[in-house]
There are 2 protein chains.
Amino acid sequence: MADRDISQAVIRRLPRYYRYLGELVDDEIERISSGELSDKMNVTASQIRQDLNNFGGFGQQGYGYNVKYLYNEIGKILGLDNIHNIVIVGAGKLGMAIANFPSFNNRGFITKALFDINKDVIGSNVHGAPVLHIDALVKFINENDIDIAVLTVPRQGADEVTSLLLKSNIKAIWNFTNKDLVVPENVSVENVHLLDSLMQLSYTITSR
Amino acid sequence: MADRDISQAVIRRLPRYYRYLGELVDDEIERISSGELSDKMNVTASQIRQDLNNFGGFGQQGYGYNVKYLYNEIGKILGLDNIHNIVIVGAGKLGMAIANFPSFNNRGFITKALFDINKDVIGSNVHGAPVLHIDALVKFINENDIDIAVLTVPRQGADEVTSLLLKSNIKAIWNFTNKDLVVPENVSVENVHLLDSLMQLSYTITSR
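Definitions and cut-offs
Residues numbered from 1 in each chain as written. Chains lettered and ligands numbered in written order. Predicted model: local features only at pLDDT ≥ 70, side-chain atom pairs only at ≥ 80, totals over all residues. Heavy atoms only, no water. UniProt positions renumbered as here; feature names shortened; annotations may be inferred. Helix = DSSP H or I, 4+ residues; strand = E, 2+ residues; numbered from the N terminus. Contact = heavy atoms within 4.5 Å. Phe/Tyr/Trp six-rings, centres within 6.5 Å; stacked < 30°, edge-to-face > 60°. Buried < 20%, exposed > 50% of the residue type's maximum accessible area, 1.4 Å probe, protein only. Buried area = accessible area lost by both parts, 1.4 Å probe. Salt bridge = Lys/Arg side-chain N within 4 Å of Asp/Glu carboxyl O. Nonpolar A, V, L, I, M, F, W, Y, C, P; charged D, E, K, R; others polar. Domains from an automatic or database assignment. Least-squares fit on C-alpha atoms with pLDDT ≥ 70 in both. Pairing = 2+ DSSP bridges. Axes fitted to C-alpha atoms, helices over the stretch in contact; angles between N-to-C directions. Parallel < 35°, antiparallel > 145°, perpendicular 65-115°, else oblique.

## Comments concerning the UniProt feature "binding site: NAD(+)" (unreviewed entry) in chain A
Residue and element names in this part refer to chain A.
Working step 1: Under the UniProt annotation, "binding site: NAD(+)" (unreviewed entry) lies at Gly90, Ala91, Gly92, Lys93, Leu94 and Gly95.
Working step 2: Along the chain, Gly90 falls in the loop between β3 (84-89) and α5 (93-99).
Working step 3: Excluding its chain neighbours within four sequence positions, the residues that come into contact with Gly90 are Gly95, Phe115, Asp116, Thr152 and Val153.
Working step 4: Looking at the element boundaries, Leu94 is found in helix α5.

If you want it as structure tokens, here you go:
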């Protein structure tokens, strides 16, 4: 599939295009030129044309882009036309917060269950998703067509939970543990290193 | 200051160096060669030498790096030798989760207060940090030497809260709202676009 050749930089911009186009859809704007989109997104117009040409263009010269069409097409490229079933491993405050994000649900990321070892939370549920004991994790993933595991355990538990996940059919790990995971090629990992991000902010303040 | 010339890519790697060196310090390892560090971090040894040379090297040829010293020096570069006072705007589940991260506290990022408009949470407190009404935000920032505001309000509130923050002496905004903020040059913004990150994961699964 052509996507293989598409640079990470382009892929990282796609969700942002999707986000902006979603706002235009909400504002009932039907067409937009790459120039207008570039002003709005603070990316050059040629950059936008290049990026979208990776996926076959979508624009007619001089007519700009059909907003709704482009929004839906980028959504498809991002796989948002499919439902993605999620489990959250680590039902602490962060795990609970993620399970509660309506914007994830709205985009088809459905939290099916949370997992923990803490008896105080096991048996409860979050928006109908049960909190289960981690012993049930692998079986649950394989039997409930789970794509994505969200890792919100303390970093000391990261490797143990990861090796557990690798015993299942999980396709992707969304990693909040601030630990770099070692996984085989067929498992995707996206890291959210919150502390790193906060340190970069500290750096920019300090280096002024 | 030299930092001006240092590329974003290097700066983005610094917290990761700091994280790995912290693990080595915990393991009481005193010296490490750029080669060993590169194996551990999955970055080339020459990359590591280049990166650290931006800050004056730290290594003696053939002797490797003094782990504790390098850890502390990178900590200083990242501004972690200073306390950073934080406010969290949006005392929902995510705001509460961030206020509860011990690893932030341990690195000198101290949550001084949370702000919200929801009467149900105003008056409560999180680890001793009070939840206050947003009307008190600007005054609190200026009177309590606050560096960083964490933005965890719903995205519809992002612009309003940002313009409020810009009336204060805030130095940096850690933005979780999935909306790109418009701020003057003297205010740093670090975005954590959780939904974008999740969409990239969806893309990688889909494009297989």
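## Notes on the packing of aromatic side chains
Each aromatic ring pair is summarised here by two numbers: the centre-to-centre distance and the angle between the ring planes.
All names here are of chain A.
Working step 1: Evaluation of the coordinates by the stated rule reveals ten aromatic pairs over all chains.
Working step 2: On the numbers, 4.8 Å between centres and 75 degrees between planes, the contact of Trp174 with Phe176 is edge-to-face. Grouping residues by exposure puts Trp174 and Phe176 together as buried.
Working step 3: One aromatic cluster is present, formed by Phe101, Phe104, Trp174 and Phe176 through successive ring pairs.

## Describing the interface of chain A and chain B
Working step 1: With 65 residues of chain A at the interface, the matching set in chain B holds 64 residues.
Working step 2: Buried surface at the junction of chain A and chain B, summed over both partners, amounts to about 5500 Å²; 64% is from carbon and sulfur atoms.
Working step 3: Counting across the interface, chain A meets chain B through eight salt bridges.
Working step 4: Of the charged contacts in the structure, one is a salt bridge between Asp180 of chain A and Arg19 of chain B, with a shortest N-O distance of 3.5 Å.
Working step 5: If one sorts the elements of the side of chain A that touches chain B by residue count, helix α9 (residues 194-206) of chain A sits on top with 13 residues.
Working step 6: Split by residue class, the side of chain A that touches chain B holds 32 nonpolar, 15 polar and 18 charged.

## Quick notes on the domain arrangement of chain A
Working step 1: Structurally, chain A comprises domain 1 (8-77) and domain 2 (84-196).
Working step 2: The gap between the C-alpha centroids of domain 1 of chain A and domain 2 of chain A is 32 Å.

## Comments concerning the relation of the copies chain A and chain B
Working step 1: Under the fitted operation, chain A is carried onto chain B by 0.0 Å of movement along the axis and a turn of 180 degrees, and the coordinates agree to an RMSD of 0.0 Å. Look at the turn and shift together and you get a two-fold axis relating the two.
Working step 2: Comparing interface residues between copies, 98% of those in chain A also sit at the interface in chain B, which points to an isologous, same-surface contact.

## A few points about the sheet that holds strand β7 (residues 146-151) of chain B
What holds strands together in a sheet is hydrogen bonding between their backbones, with the strands either parallel or antiparallel.
Residues and elements named next belong to chain B.
Working step 1: With mixed pairing, seven strands are arranged side by side in an open sheet as β5-β6-β4-β3-β7-β8-β9. Looking along the sheet, the strands with just one partner apiece sit at the ends: β5 (125-126) and β9 (188-191).
Working step 2: Examined bridge by bridge, strand β4 (residues 109-116) and strand β6 (residues 129-133) share three bridges and lie parallel to one another. Residue pairing in the sheet places Asp116 in a bridge with His133 of β6.
Working step 3: Across the face of the sheet, helix α8 (residues 158-165) comes into contact with β3 (84-89), β7 and β8 (172-175) while running at roughly 175 degrees to β7.

## Considerations on the sheet that holds strand β8 (residues 172-175) of chain A
Working step 1: The seven strands are arranged β5-β6-β4-β3-β7-β8-β9 (chain A) in an open sheet whose pairing can be described as mixed. Strands with a single pairing partner mark the edges of an open sheet, and in this sheet they are β5 (125-126) and β9 (188-191) of chain A.
Working step 2: As paired strands, β5 of chain A and strand β6 (residues 129-133) of chain A are joined by two bridges and run antiparallel to one another. Counted as the bridge partner of Asn125 of chain A is Pro130 of chain A from β6 of chain A.
Working step 3: Packing of helix α9 (residues 194-206) of chain B onto the sheet brings it into contact with β3, β4 (109-116), β7 (146-151), β8 and β9 of chain A, and relative to β8 of chain A it is tilted by some 165 degrees.

## Comments concerning the pattern of salt bridges
Working step 1: This structure, assessed with the given rule, holds 22 salt bridges over all chains.
Working step 2: In this structure, Asp147 of chain A and Lys171 of chain A form a salt bridge, with 3.2 Å as the shortest nitrogen-oxygen distance. Taken as a pair, Asp147 of chain A in strand β7 and Lys171 of chain A in the loop between α8 (158-165) and β8 lie far apart in primary sequence, 24 residues in all.
Working step 3: Among the salt bridges present, the one from Glu73 of chain B reaches Lys76 of chain B, with a minimum N-O distance of 3.1 Å.

## A closer look at the UniProt feature "DNA-binding region" (unreviewed entry) in chain A
Working step 1: As annotated by UniProt and renumbered to match this structure, "DNA-binding region" (unreviewed entry) occupies residues 16-55 of chain A.
Working step 2: Structurally, residues 16-55 of chain A comprises 70% helix and 5% strand, and the distance from its first C-alpha atom to its last is 16 Å.

## Side note on the packing of helix α1 (residues 8-26) of chain A against helix α2 (residues 34-41) of chain A
Residues and elements named next belong to chain A.
Working step 1: Where α1 contacts α2, the axes come no closer than 11 Å and their chain directions differ by 105 degrees. When the interaxial angle is binned, α1 and α2 end up roughly perpendicular. Of the residues in α2, those touching α1 at Arg16, Tyr17, Tyr20, Leu21, Glu23 and Leu24 are Leu37, Lys40 and Met41.
Working step 2: Residue composition of the contact of α1 with α2, by class: six nonpolar, no polar and three charged.

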